[in-house]
Amino acid sequence: MPRPIEALIHTNALAHNLARARAAVPDARLWAVVKANAYGHGIERAYEGLRGADGFALLDLAEAERIRALGWRGPVLLLEGAFEPRDLELASRLALWHTVHCSEQIDWLAAHKTAAPHHVFLKMNSGMNRLGFRPESYRAAWARLNALPQVGEVGLMTHFSDADGAGGIERQLRTFEAVTRDLPGERSVANSAAILRHHGGAIGAPRGDHGGDWVRAGIMSYGSAADFPEHDAAHWDLRPAMTLRTRLITTQQLEPGDTVGYGSSFTAERAMRIGIAACGYADGYPRHAGSGTPVLVDGERTGTVGRVSMDMMAVDLSALPRAGLGSEVTLWGRGGCGDRRDRDTSDTVLSIDEVARAAGTIGYELMCALAQRVPVRVTE
Ligand SMILES: *Cc1c(COP(=O)(O)O)cnc(C)c1O
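The structure reproduced in this document is the subject of the present report.

### Remarks on the site of the ligand
Piece 1. The local shell around the ligand consists of Val-33, Lys-35, Tyr-39, Leu-79, Lys-123, His-159, Asn-191, Ser-192, Arg-216, Gly-218, Ile-219 and Tyr-364.
Piece 2. A distance of 2.5 Å is found between an oxygen atom of the ligand and a side-chain nitrogen or oxygen belonging to Tyr-39.
Piece 3. One of the side-chain N or O atoms of Arg-216 is found 2.7 Å from a nitrogen atom in the ligand.
Piece 4. Relative to its unbound accessible area of 380 Å², the ligand is 93% covered by the protein chains.
Piece 5. A per-class count over the shell around the ligand returns 5 nonpolar, 4 polar and 3 charged.

### Quick word on the packing of aromatic side chains
Piece 1. Taken as a whole, this structure holds 11 aromatic pairs when the rule is applied.
Piece 2. Taken together, a centroid distance of 4.7 Å and an interplanar angle of 25° make the contact between Tyr-39 and Tyr-222 stacked. Linking Tyr-39 in helix α2 (residues 35-39) with Tyr-222 in the loop between β9 (213-217) and β10 (242-254), this pair joins segments that are 183 residues apart in sequence. The exposure classification of Tyr-39 matches that of Tyr-222, with both residues buried.
Piece 3. These aromatic residues form a ring-pair network of at least three members: Trp-31, Trp-97, Phe-121 and Trp-214.

### Describing unusual backbone geometry
Piece 1. Following Phe-228, the chain continues to Pro-229 via a peptide bond in cis, the omega torsion being 5°.
Piece 2. Despite not being glycine, Ala-38 shows a phi value in the positive range, around 55°.
Piece 3. Turning to its location among the elements, Ala-38 is positioned in helix α2.
Piece 4. You will see that Asp-298, though not glycine, has its phi angle at about 50°, which is positive.
Piece 5. With respect to the secondary-structure elements, Asp-298 resides in the loop between β14 (294-297) and β15 (300-305).
Piece 6. For Asp-298, a relative accessible area of 26% corresponds to the partly exposed category.

### Focus: the pairing of β10
Piece 1. As defined by bridge partners, strand β1 (residues 6-10) adjoins β10 across 4 bridges and the pair is classed as antiparallel. Residue Ile-9 lies in a different strand from β10, and its bridge partner there is Met-242.
Piece 2. Bridge count between β10 and strand β17 (residues 328-334): 4 bridges; the pairing is antiparallel. Counted as the bridge partner of Leu-244 is Trp-332 from β17.
Piece 3. Bridging between β10 and strand β13 (residues 272-277) involves 6 bridges; their strand directions are antiparallel.

What counts, and where the lines are drawn
Every residue gets a number counted from 1 within its own chain, in the order that chain's sequence is written. Thresholds applied to this predicted model are a pLDDT of at least 70 for local features of residues and 80 or more for the giving and counting of side-chain atom pairs; totals over whole chains, interfaces and linings are not thresholded and use all residues. Note: side-chain values were computed over all heavy atoms of the structure, leaving out hydrogens and water. The cutoff for a nearby residue is simple: one of its non-hydrogen atoms must lie within 4 Å of the molecule or strand. In protein, a polar contact means a hydrogen-donor-capable atom and an acceptor-capable atom, both N or O and within 3.5 Å, with residues adjacent in sequence counting only if both atoms are side-chain atoms; elsewhere, any N or O pair within 3.5 Å suffices. Calculation of accessible area relied on Shrake-Rupley with a 1.4 Å probe; when residues are assessed, cover is drawn exclusively from the protein chains displayed. Throughout this entry, Asp, Glu, Lys and Arg are counted as charged residues, while Ala, Val, Leu, Ile, Met, Phe, Trp, Tyr, Cys and Pro are counted as nonpolar. The remaining residues, Gly among them, count as polar. Working definition: a ring pair exists when centres of Phe, Tyr or Trp rings (six-membered ring for Trp) sit within 6.5 Å. Plane angles under 30 degrees give stacked, over 60 give edge-to-face, the rest tilted. Working definition: helices are DSSP H or I runs of at least four residues, strands are E runs of at least two. Numbering for both runs from the N terminus. Accessible area is worked out with a 1.4 Å probe on protein chains only. A residue is then buried under 20% of its type maximum, exposed over 50%, and partly exposed in between. If DSSP finds at least two bridges between two strands, the strands pair.

Remember, this is a structural readout, not a statement about activity or role.
Written as structure tokens, this is what we have:
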């Protein structure tokens, strides 16, 4: 029998979360962001749940090929554009839209032989200082790009550094608006946090007829709250798209003073029972999650005990006398799904954001780090 660990990808949750993005910005078109293999969910596995989007945004050309191989004929956007000139050949062949964020990418386009003009998004560095043209050089880049016969539509794009926090988007949005006000073209500015907290950022601002806006829904599509812990997924009505679950493979009875695991970091203060779950950091569970990190056992909330090791971890069964060998352990996602239809699963959700926080990281990192060795199944 294989190890009992598995990950489930919830097609309905993906579709539901995408619908939440639509409801937040009803006038915008929606990119489902599927970079990093759909945030660890698997592009092919997430496709069914996300195909209601207007387009797919990613940055790896091999992933763009996979989206086309699934039969997607709609827009596909390369968020970082071409990495070298010959990437434009694939962009031509697969009709990929691509970001243009630096002058070298314009040079490559100017030298590119294409049958059909490319649809591009010109990126402004409005304060993130990662990709894009600075505001003072943006319009010159636009003019140069717009004059190229290789280029058709030129969309306008920027990315926010603080949409999820107190900094907000105002300053960057003002810069972007001031520079682009009279330029034609579609806008794309909002990530998940901006969609939810700022209703898509620029969406709705009067800028004349420019053919519509695009928002870029990443993390929210997968059911994680971009602004956790200020708000949680339930606040935004998002559902986990991934469940990581396993089973207890044995239990231990501890006496006061007994310690658990490597480094003996946990000491039992009283007699207690623990379970040993078949999940460790080699499965993608964060090793930095300390004792007390929330976990569900048979759908009941409890905490981890001691250090996470490579293949196993301990969980507290003090309050769960019925739990034992074979009990289901949910590391994140939905407890009890798939096996037990008799319970309302809505109150047995363990958000990946809570686990991430206990490990000093964010939900994004945990979902992207799901290990290769974990078998994954698509479910409803
Ligand atoms: C990853 C990414 C997004 C999606 O961000 P989320 O916070 O996951 O919604 C949007 N835009 C760009 C440019 C990105 O790289």
